Amino acid sequence: MTKMPEQPQILLSLTLAGQVLLQSDPALIAVPSDAGIALSDEIRLAQTVPDAAVLEYSRLFLNPTGVECHLWQSVYADEPRLFGPAHHSALEWFRRYGAEPQMSNEPADHLGLLLLFYARLIEEGEPADVTVAYFNEHIAWATEFTSKLQQQARHPLYLALAREIQSILAAGVNQAM
Amino acid sequence: MSLSRRNLFQLGGAVGAGLAASPSLQAFENYFSPAASPYADMKTVVSACGVCSPACGLQARVKDGVMTFVEGLPGDAHGNGRLCGKGAAGAGFLYDPDRLKYPMKRTNPRKGFDEDPGFVRITWQEALDTIAEKIGHYKTNFGAESLMFVTLPAPDIWLRFIKSIGVVNRIDHRDECFQTDMVVQKYTTGGKTWCNDFANSKYILLFGWDILAKAKLVYANGILDARDNGAKVVHFSPSYTPTSRASSEWFNIRPGSDLAVALAMINVIVSENRYNKDFVDTYTNFAKYETQIRAHFSEYTPAWAETLSDVPADAITRIAREFAGSGASIAPAHKKTLCANYNNGTQLVHAISILNILAGTVDRPGGRYFPRTFSVPGVDAVYPPPAYPAAAGRRVDGRDKLPHAHAVDAGLFSTTADGMLNKFPGMIKFAMWRDYTTLAFPHPPSMEKALQSVEFNVVYDFLPTDTASLADIVLPGTVNFETSDIMNRDYNAKYPQAVARSAVVPPAFEIKSVGYVAMELGKRLAPDYFKTADGSWINLSTLLNEKTKRAGLGENFADFVSKGIVEKKADFVPRTTFGAVGGGGKCQIYVPAFETGHGEPLPKWHPKRDEPDSTYPYYYLTYIPPIHKRNSSQNNAILNEMMGDNEALINPKLAAKIGVKNGQRVLIRSRAGQIELNAKFTELIRDDAVMVIHGFGHRSRLLTKAGGKGVRDGDIIPIGNIDDFVATKNFGGASCIMDAVVNITPL
Ligand code: SF4
């Protein structure tokens, strides 16, 4: 089995990517001062002119003329929908660890939530069979999201986000092998 | 699933105790809370469908606030424990990934379909403040006539808002639907009714296209039950539809000529004195106008009608006799019973009403009857408002030129674009669209052009419609599963029955009901109308409780919900006085009120608006398939899979004549425009017509499933012109939603 990358780096990667997906305004994302990955640099840059990033977030994820990249796992299922089986399964995972999303009226299978939860599983040293199972159930699907994001994103923050998620996926796949 | 030994809200495990919260934990705590319960919450909720108007009762299973299954509600008079395909696909609307989720505002001032509107998320507070400020601004500077509300007049609190600010231009689609029947029934029998007693009918005469598949489950079941009971069903339609298949006889009638057949049937029944004498003598004004009536219909012979309709004269005569003699005959008038399709729609529904009156089945077993319902008070009865301001100003659709259509206060969609572009250019400064898109109008390109001149557009909807592309503010709206209301049964209502529509799930994201929008805009713009007698704001839950109580359905709404269905069984007592306006308690065959208002007291023959000629030699037909709801269901995953595109349906005989192969691309042109799509052969339509299914051609490219698929049938349907309606006696404002002729060129 290939080893996961250095734990602090994967945690940072998951934590920042999760927040960029959940928070349209980069000014509200806390970046640790010693964070030195590409995404943290892009967040810091975006924080200097947040409006462009906010606009891009809206265009990509909330657009009322149609969304470019949906944020929820259920939308990438064979029968795309909101609040599909992946929502219920994510809720079960969260509850098993005594947690539930604060936004109770939004789907639990939001990629940002899924990444933040994944970070905590790893950080808490959950055994590999657990993290691999979680990865397969709730993270691996994001390849489709990421390739869409890569095609559609025009702002460097979201291009960096796509790359970051790609490396998370690659690390997860390595671990699962 | 069992609880893990780990609690992710504190650092432990590999990371070790005693350390400060890590960045991962901090972020986690920002978005997660300790779980209230480790278990899923399961329940069953009684509610009502909202895809079409009968609102069939349903029961839904809900897991953790998510609807997981729906089925019909046993005992419900409409669905009778079943749901139709559209109703069963309700989750496809509720959980459509493309649903609007948050209020958004445009940041790019340049508007157009090729412009990126630059939408950004805003709070409801900002959205409502901005909308209220804009309404106030335009009303003060340009008068109430500068505001256009494209919306049905319900719920009552929403209508109160519209009235409280003196809106002149509220329009809805009913001129494309049953508005002509509203106009005619008001004077002939006493009011539009949706109740057809098919179960007891012996003879069902269907002018129209596909009542069985397209219309409502309650009608489909009714007609099939009637067939089982031995009723005869006769269908006139230029295409062979599921209704034709369920009929005893089908006539491939020429488009727009149903009126000729109906007039000739009246001729036969009257001239041969086959009408129900007891009913006609006692309950109608036949005797008073007998001379005029007999003289009027004498020219409309079956032989004459055959030349216009292709329905054989002897068949017309026979059917007229059978209809008059069955003892329980009915000719329903529903939306696609040509009420709106052609310029002669008003005369047709008047003729149909006369047929029902002559059969003597108005409010009688087997006929069209008036619903016996619970009396549910509206908000104005519960909380009487101050006097509403007069709606002073010009009607953009010119509807005031048609006094009879104006009085029923519904459309006119068909003439609005002409009003905005040509008659009153620049008058509309502000438009608010609720659950309608430009696709719903004849010739959408005209409405799109008209909309570009509107300074401020607001769209309240559940999906990103084409109109949203031009919006300044977009508000995310609810679907039926997210709202509560009292649903009277009014399609099958021999005695009162009501179903509790309780919200199956709370609205997700920041979706809000139109009642909320009404209240919040009302508080900002006309606060006096949104207060109770003691000066506090109206509370919508309290209002619903009060309505429930006053209607006798329960102590409060929760009590009603616990019962699900409430009914008051009683024998059906036929009416002996009728509410026809001006009729003195009787039904009116001859309608004196129609002597004015560009009407006709007795229906005369008028051709449809556009007739085939050498340039445009073929009839154009449109169709709404059973599995779709007009233009709002094409993005529903379940329904889209069944039908996700449209084609030009063409009879192989016509195709051979013009050199078109099956599957070949064709150009269809009318005087209004052109569309390009693939031909598909079918023996099921006339060989002088081409048919295109409505509802496709959404240009909102990002509607995941429907965007960019198919073409808009309406692009070749001419818009209406109010002066033409006046000149041609289209006094009920039929929208001519299918009144076009075309030529076809293979590509
Ligand atoms: S007929 Fe179908 S779509 Fe209409 S209310 Fe009933 S179940 Fe819903």
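In the block above lies the structure referred to throughout.
Residues numbered from 1 in each chain as written. Chains lettered and ligands numbered in written order. Predicted model: local features only at pLDDT ≥ 70, side-chain atom pairs only at ≥ 80, totals over all residues. Heavy atoms only, no water.

### Digging into the overall build of chain B
Counting its secondary structure elements, chain B contains 26 helices and 26 strands. Relative to the compact-globule value of 27 Å for 747 residues, chain B shows a C-alpha radius of gyration of 27 Å, a close match. A principal-axis box enclosing the C-alpha atoms of chain B has dimensions of 100 × 65 × 55 Å. Long-range contacts, defined here as pairs at least 24 residues apart, represent 73% of the contacts in chain B between residues at least 6 apart. Summed over its atoms, the accessible surface of chain B is roughly 26100 Å², and 51% of this surface lies on carbon and sulfur atoms. (Helix = DSSP H or I, 4+ residues; strand = E, 2+ residues; numbered from the N terminus. Rg over C-alpha atoms; globule rule 2.2 N^0.38 Å. Contact = heavy atoms within 4.5 Å. Areas by Shrake-Rupley, 256 points an atom, 1.4 Å probe, with all protein chains shown as cover.)

### Quick notes on the interface of chain B and chain A
If you look at the interface, chain B gives 65 residues, while chain A gives 52 residues. One salt bridge connects R95(A) with D64(B), and the closest N-O pair in it is separated by 3.0 Å. The interface formed by chain B and chain A contains 15 residue pairs in polar contact (both at pLDDT 80 or more). Listed by contribution, the elements that provide at least two residues to the side of chain B that touches chain A are α1 (23-31), β1 (32-34), β4 (66-72) and β6 (120-121) of chain B. Considering each element in turn, the side of chain B that touches chain A owes the most residues, eight residues, to α1(B). By residue class, the composition of the side of chain B that touches chain A is 37 nonpolar, 17 polar and eleven charged. Alignment of strand β1 (residues 99-101) of chain A against β1(B), held across three bridges, turns out to be antiparallel. Each residue of the ladder has a partner; that of P101(A), found in β1(B), is F32(B). (Salt bridge = Lys/Arg side-chain N within 4 Å of Asp/Glu carboxyl O. Polar contact = N/O pair within 3.5 Å; in protein donor to acceptor, adjacent residues only side chain to side chain. Nonpolar A, V, L, I, M, F, W, Y, C, P; charged D, E, K, R; others polar. Pairing = 2+ DSSP bridges.)

### Focus on the packing of helix α5 (residues 156-164) of chain B against helix α21 (residues 514-525) of chain B
All names here are of chain B. At a closest axis distance of 8 Å, the pairing of α5 and α21 adopts a crossing angle of 30°. Taken together, the axis directions place α5 and α21 in an arrangement best described as roughly parallel. Here the hand of the crossing between α5 and α21 comes out left-handed. Facing α5, whose interface residues are I157, W158 and F161, α21 presents V514, G515, V517, A518, M519, L521, G522 and L525. Among the residues forming the contact of α5 with α21, the class breakdown is nine nonpolar, two polar and no charged. (Axes fitted to C-alpha atoms, helices over the stretch in contact; angles between N-to-C directions. Parallel < 35°, antiparallel > 145°, perpendicular 65-115°, else oblique. Left-handed = near helix turned anticlockwise from the far one by under 90°.)

### Overview of the pattern of salt bridges
All names here are of chain B. Applying the stated rule across the entire model yields 54 salt bridges over all chains. A salt bridge links D281 to K277; the nearest nitrogen and oxygen atoms lie 2.7 Å apart. Of this pair, D281 and K277 both sit in helix α11 (residues 277-283), four residues apart, roughly one helical turn. Of the charged contacts, one joins K401 and D723 as a salt bridge, the two residues approaching to 2.8 Å between their closest N and O atoms. Residue K401 is located in the loop between α17 (379-382) and α18 (403-408), and its partner D723 is located in helix α26 (residues 722-727); the two are separated by 322 residues in the primary sequence. Taking relative accessible area as the criterion, K401 reaches 40% and is therefore assigned partly exposed. (Buried < 20%, exposed > 50% of the residue type's maximum accessible area, 1.4 Å probe, protein only.)

### What to know about the sheet that holds strand β18 (residues 485-488) of chain B
All names here are of chain B. Spatial ordering of the open sheet is given by β18-β19-β20, a layout of three strands whose pairing is antiparallel. Each edge of the open sheet carries a strand with a single partner, namely β18 and β20 (565-567). Averaged over all neighbouring strand pairs, the angle between strand axes comes to 25°, with direction disregarded.

None of this, on its own, says anything about what the molecule does.
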